[in-house]
Amino acid sequence: MIKNNQYKFSFGPWNISEGYDPYGPATRPPQAFDWKLGKLKEIGFDAMMFHDDDAIPDLDSKSPEQIRKGAKELKRKLDDAGILAEIVAPRLWFSPMTIDGGYTSNDPKARKYAIERSKKCIDIAKILDCSLIVLWLAREGTYIRESKNCRTSTDYLAEAIDKMLAYDKKIRVAIEPKPNEPMDHAYIPTMGHAMAIAFKTSDPKRVGGLVESAHAILAGLDPADEMEFAISYGKLWSVHLNDQNGLKFDQDKPFGSNNLRSAFNQVRVLERNNYGSKGECVAFDVHSFRSTKEEHCVDHLSNSRDTFLRLVEKVRSFDNAKAQTLIADRNYQALDQMVIEHLLGK
Ligand code: XUL
Ligand code: MN
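Numbers given to residues run from 1 along each chain, matching the order in which its sequence is written. Whichever chain is written first is A, and whichever ligand is written first is 1; the rest continue in order. Where local features are concerned, this predicted model is filtered to residues with pLDDT of at least 70; where side-chain atom pairs are given and counted, the filter is 80 or more; whole-chain, interface and lining totals use all residues. Only hydrogens and water are removed before side-chain values are computed, so all heavy atoms of the structure are retained for them.

Novice: Break down the overall build of the chain for me, citing the residues and quoting the values.
Specialist: Helix numbers and strand numbers start at the N terminus; a helix is a DSSP run of H or I with at least 4 residues, a strand a run of E with at least 2. Counting its regular elements, the chain contains twelve helices and ten strands. In terms of overall dimensions, the chain has a C-alpha envelope of 60 × 45 × 40 Å along the principal axes. Exposure classes here rest on a 1.4 Å probe applied to the protein chains alone. A residue is buried below 20% of its type maximum, exposed above 50%, and partly exposed in between. Evaluated residue by residue, the chain yields a buried proportion of 52% over its 346 residues. Contacts are assigned to residue pairs with any non-hydrogen atoms lying within 4.5 Å of each other. For the chain, contacts bridging at least 24 residues in sequence account for 77% of all contacts bridging at least 6. For the chain, the exposed area adds up to about 16600 Å²; of that, 52% sits on carbon and sulfur atoms. Distance from the positive charge centre (49 side chains) to the negative charge centre (50 side chains) of the chain: 3 Å. Accessible surface is estimated by sampling points in the Shrake-Rupley manner with a 1.4 Å probe; for residues, cover comes only from the protein chains shown. Here Asp and Glu are counted as negative and Lys and Arg as positive; His is not counted, and neither are the chain ends. Charged side chains are reduced to one point each, which is NZ for Lys, CZ for Arg, CG for Asp and CD for Glu.

Novice: Explain the packing of helix 3 (residues 64-81) against helix 4 (residues 108-127) to me, using residue names and the numbers behind them.
Specialist: Angles here are taken between N-to-C directions and fall from 0 to 180 degrees, while the axes themselves are lines fitted to C-alpha atoms, restricted in helices to the stretch in contact. As a packed pair, helix 3 and helix 4 sit with axes 9 Å apart at the nearest point and diverge in direction by 35 degrees. As for the relative orientation of helix 3 and helix 4, their crossing is right-handed in sense. Across the interface between the two elements, Ile67, Arg68, Ala71, Lys72 and Lys75 from helix 3 touch Lys120, Ile124 and Ile127 from helix 4. Amino acids outside the nonpolar list (Ala, Val, Leu, Ile, Met, Phe, Trp, Tyr, Cys, Pro) and the charged list (Asp, Glu, Lys, Arg) are all regarded as polar, and Gly is one of them. A breakdown of the residues in the contact of helix 3 with helix 4 according to their chemical character gives four nonpolar, no polar and four charged. Take the far helix as the reference: if the near one is turned anticlockwise from it by less than a right angle, the crossing is left-handed, and if turned clockwise, right-handed.

Novice: Report on the coordination of the manganese ion (ligand 2), specifying residues and quantitative values.
Specialist: Only nitrogen, oxygen and sulfur atoms qualify as donors, provided they sit within 2.8 Å of the metal or within 3.2 Å for Na, K and Ca; with water excluded from the atoms, sites may seem incomplete. Listed as protein donors to the manganese ion (ligand 2) are Glu176 (OE), Glu212 (OE), His240 (ND1) and Asp285 (OD); their distances from the metal cover 2.0 to 2.2 Å. For the manganese ion (ligand 2), the donor residues sit on a single chain with the sequence spacing E-x35-E-x27-H-x44-D. Of this pair, Glu176 sits in strand 6 (residues 172-176) while Asp285 sits in the loop between strand 10 (282-284) and helix 10 (299-316), and the two are 109 residues apart along the sequence. Across the pair, exposure class does not vary: Glu176 and Asp285 are buried alike.

Novice: Any chance you could break down the pattern of salt bridges for me, citing the residues and the numbers?
Specialist: What counts as a salt bridge is simple: a side-chain nitrogen of Lys or Arg found within 4 Å of a carboxyl oxygen of Asp or Glu. Summed over all chains, the structure comprises 21 salt bridges. The salt bridge involving Glu73 is made with Lys69; its shortest N-O contact spans 3.6 Å. Taken together, the positions of Glu73 and Lys69, both in helix 3 and four residues apart, correspond to about one turn of that helix. A relative accessible area of 41% means that Glu73 is categorised as partly exposed. Look at Lys69 and you get exposed, because its relative accessible area is 52%. Here Asp79 ties to Lys75 by a salt bridge, and the two come within 2.9 Å at their closest N and O atoms.

Novice: How would you summarise the nonpolar core if you had to cite specific residues and measurements?
Specialist: Where a protein is soluble and globular, its nonpolar side chains tend to be buried together. Counting residues in each nonpolar core, the largest one holds 84 residues, and the members touching the most others are Phe50, Tyr103, Leu128, Leu236, Phe284 and Phe308. If you tally residues by element for this core, the top one is helix 4, at seven residues. Residues in contact with Leu128, not counting those within four places in the same chain, are Phe50, Ala55, Ala71, Leu74, Lys75, Leu78, Ala85 and Val88. The term nonpolar core refers to a set of buried residues drawn from Ala, Val, Leu, Ile, Met, Phe, Trp, Tyr and Cys, joined through side-chain atoms within 4.5 Å. Trp14, Ile87, Val134 and Ala174 belong to the second largest nonpolar core, which has ten residues in total.

Novice: Tell me about the side chain of Asn15, and name the residues and values.
Specialist: Here Asn15 shows up in the loop between strand 1 (9-11) and helix 1 (33-42). Among the residues examined, Asn15 registers a relative accessible area of 0% and is labelled buried. A 3.5 Å cut-off defines polar contacts: any pair of N or O atoms within that distance qualifies, except that in protein one atom must be a possible hydrogen donor and the other a possible acceptor, and neighbouring residues in sequence count only when both atoms are side-chain atoms. Here the side chain of Asn15 touches Asp285 through a polar contact of 2.9 Å, side chain to side chain. Excluding residues that lie within four positions of it along the chain, Asn15 makes contacts with Met49, Phe284, Asp285, Val286, His287, His300 and Leu301.

Novice: Residues and numbers for helix 1, please.
Specialist: The set of residues buried in helix 1 consists of Lys36, Leu37 and Leu40. Looking down the long axis of helix 1, one finds its buried residues gathered within 100 degrees of arc, a one-sided arrangement. The secondary structure elements touched by the buried residues of helix 1 are strand 1, strand 2 (47-51) and helix 3. Following helix 1 by one or two positions, Gly44 has its phi on the positive side, about 85 degrees. Relevant arc is that of directions from the helix axis to the C-beta atoms, nothing else.

Novice: Before we move on, could you go through the packing of aromatic side chains and cite the residues and values that matter?
Specialist: Here the aromatic set is Phe, Tyr and Trp, taking the six-membered ring for Trp, and pairing holds for ring centres within 6.5 Å; pairs whose planes are under 30 degrees apart are stacked, those over 60 apart are edge-to-face, and all others are tilted. The tally for this structure, following the rule as stated, stands at 15 aromatic pairs. Look at Tyr7 and Phe308: their rings are 4.9 Å apart centre to centre, the planes differ by 85 degrees, and that puts the pair in the edge-to-face class. Of this pair, Tyr7 sits in the segment before strand 1 while Phe308 sits in helix 10, and the two are 301 residues apart along the sequence. With a centroid separation of 6.1 Å and 70 degrees between ring planes, the pair formed by Phe45 and Phe284 is classed as edge-to-face. Here Phe45, found in the loop between helix 1 and strand 2, pairs with Phe284, found in strand 10; they are 239 residues apart in sequence, far enough to count as distant. When sorted by exposure, Phe45 lands in the same class as Phe284, which is buried. Of the aromatic side chains, those joined through ring pairs into one cluster are Tyr7, Phe9, Phe11, Phe45, Phe255, Phe284 and Phe308.

Novice: I'd like to hear about the side chain of Gln251, residue by residue, with values.
Specialist: Locating Gln251 in the fold gives a position in the loop between strand 9 (236-241) and helix 9 (260-272). Exposure remark for Gln251: the relative accessible area of 17% places this residue in the buried category. At 2.5 Å, the side chain of Gln251 and the backbone nitrogen of Asn245 are in polar contact. With near-sequence residues (within four places) excluded, Gln251 lies in contact with Asp243, Gln244 and Asn245.

Novice: Account for the site of ligand 1, with residues named and values stated.
Specialist: If you check the shell around ligand 1, you find Trp14, His51, Trp93, Trp136, Glu176, Lys178, Glu212, His215, His240, Asp250 and Asp285 and nothing else. Between ligand 1 and the protein, one listed contact pairs an oxygen atom with a side-chain N or O atom of Asp285 at 2.9 Å. Computed on the free molecule, ligand 1 has an accessible area of 290 Å², of which 92% lies beneath the protein chains in the complex. Its residues assigned to classes, the shell around ligand 1 shows three nonpolar, three polar and five charged. Near, as used in this document, describes a residue that has one of its heavy atoms within 4 Å of the molecule or strand being considered.

In structure tokens form, the structure reads like this:
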């Protein structure tokens, strides 16, 4: 394990997964939550991400009292392990109520469900001492563009966020944009959209973003630029580092697996903006390859962490003065080669 005393690392229970895909069953046995928590600590991570029902399974069938009790038990477990809860995200894409979306569903009952569920998510986050609510807007879009109206949907989204902000004055909401999958068209596909909708809410200071590398690539954008765009608004509140081979299904490959230079540039942006100095975590939303054996089922996480820390060293040892000279001389040819040789390590 590479030593680290600057960054706080995080992953979610779903990142230790069983390997099923739409074409075949699981290839690894499930692991219990306590086992995952133990591993998280063992491989040098500091925080865990949660969906609301990762924290409280079968959330929709539980009473407020059962939810409170479950969240308190989880908080004790996290405290005993010395692990923070980084984010809690309402999982709005599993319920039969949200087949046509949650906040933007055409059915008012479904929209109401989505808000109620988001409030439960906030209740859980509060007990876990976590103020960051992440919205991955999975089904807030459509397969059939004529079925929904973008203007109305944008209003619905801003109103939903307003209700969350009013429900608890301490929370902040970070939107995790993704252009597609599961939907054909999604309503908040990029960080630009996320920043814009923040300013449509009643308290823009409390609405920001989370960049996932793979989602930016699926939108045809550069993940490092998506991150630094949010940073320019003071709104990059988390990252889901991973990798993606072009315009395919969301692959969630280990960080740097596909494009080491892009990974270098993502780390460079985080480093030069002191990311983490306000408590932000570096989260890896990565999955094992389906072919991974049980005994290697956390290697994609420890490898991503190691790659990140190796790239921190690469960023710090990059000759910025020399790069500036080349930039002043408009010698981008030499700059390009300088980056390649730096990454190759001579
Ligand atoms: C989906 C995705 C989610 C969110 C959390 O592509 O990245 O795992 O990160 O809901
Ligand atoms: Mn993610």
